[in-house]
Amino acid sequence: MLELLFGLMAYDTVKTVSNKRTEKVKRKEIDQLRFRLKRPMTRTHSKQCVCRLCVNRREAAINRLNELLGC
């Protein structure tokens, strides 16, 4: 009985650490995307550039951010 209790405690600890690690990675990616959206999408372009390259990159970043946030 004691082995089962220790086994469940170890499982819970491993699961909690794993969840915290995935949440940390997810939060880091969200922060990176938010930072990217505040800056120009291409180095020599302006922040509000409407060329196809910038628009596609901006839309991809916005879509990924919405996906991570669950919107």
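Data block above holds the structure.
Report on the accompanying structure. (Residues numbered from 1 in each chain as written. Predicted model: local features only at pLDDT ≥ 70, side-chain atom pairs only at ≥ 80, totals over all residues. Heavy atoms only, no water.)

## Considering the overall build of the protein
In terms of regular secondary structure, the protein is built from two helices and zero strands. Computed over the C-alpha atoms, the radius of gyration of the protein is 20 Å, more than 25% above the 11 Å expected from 2.2 N^0.38 for a compact globule of 71 residues. Overall size of the protein, expressed as C-alpha extent along the three principal axes, is 65 × 20 × 15 Å. Residues counted as buried form 13% of the 71 residues belonging to the protein. Partitioning the intrachain contacts of the protein with sequence separation of at least 6 by distance along the chain shows that 44% fall at a separation of at least 24. Just so you have it, the protein exposes about 6,200 Å², and 58% of that area is on carbon and sulfur atoms. When the 17 positive and 7 negative side-chain charges of the protein are each reduced to one mean point, those points stand 13 Å apart. (Helix = DSSP H or I, 4+ residues; strand = E, 2+ residues; numbered from the N terminus. Rg over C-alpha atoms; globule rule 2.2 N^0.38 Å. Buried < 20%, exposed > 50% of the residue type's maximum accessible area, 1.4 Å probe, protein only. Contact = heavy atoms within 4.5 Å. Areas by Shrake-Rupley, 256 points an atom, 1.4 Å probe, with all protein chains shown as cover. Lys, Arg positive; Asp, Glu negative; His and termini not counted. Charge placed at Lys NZ, Arg CZ, Asp CG, Glu CD.)

## Here's the deal with a positive patch on the surface
A surface patch of positive charge is lined by Lys26, Arg27, Arg34, Lys38 and Lys47. Mapped onto the fold, Lys47 is located in the loop between helix 1 (2-38) and helix 2 (52-69). (Patch = residues over 30% accessible without salt bridge, like charges linked within 9 Å, V, L, I, M, F, W, Y side chains within 5 Å. Salt bridge = Lys/Arg side-chain N within 4 Å of Asp/Glu carboxyl O.)

## Digging into the pattern of salt bridges
The final tally for this structure, using the stated rule, is two salt bridges. When the shortest N-O distance is used, the salt bridge between Glu29 and Arg64 registers 2.9 Å. Placement of the pair is Glu29 in helix 1 and Arg64 in helix 2, with a sequence separation of 35 residues. Under the relative-accessibility criterion, Arg64 is labelled partly exposed at 29%.

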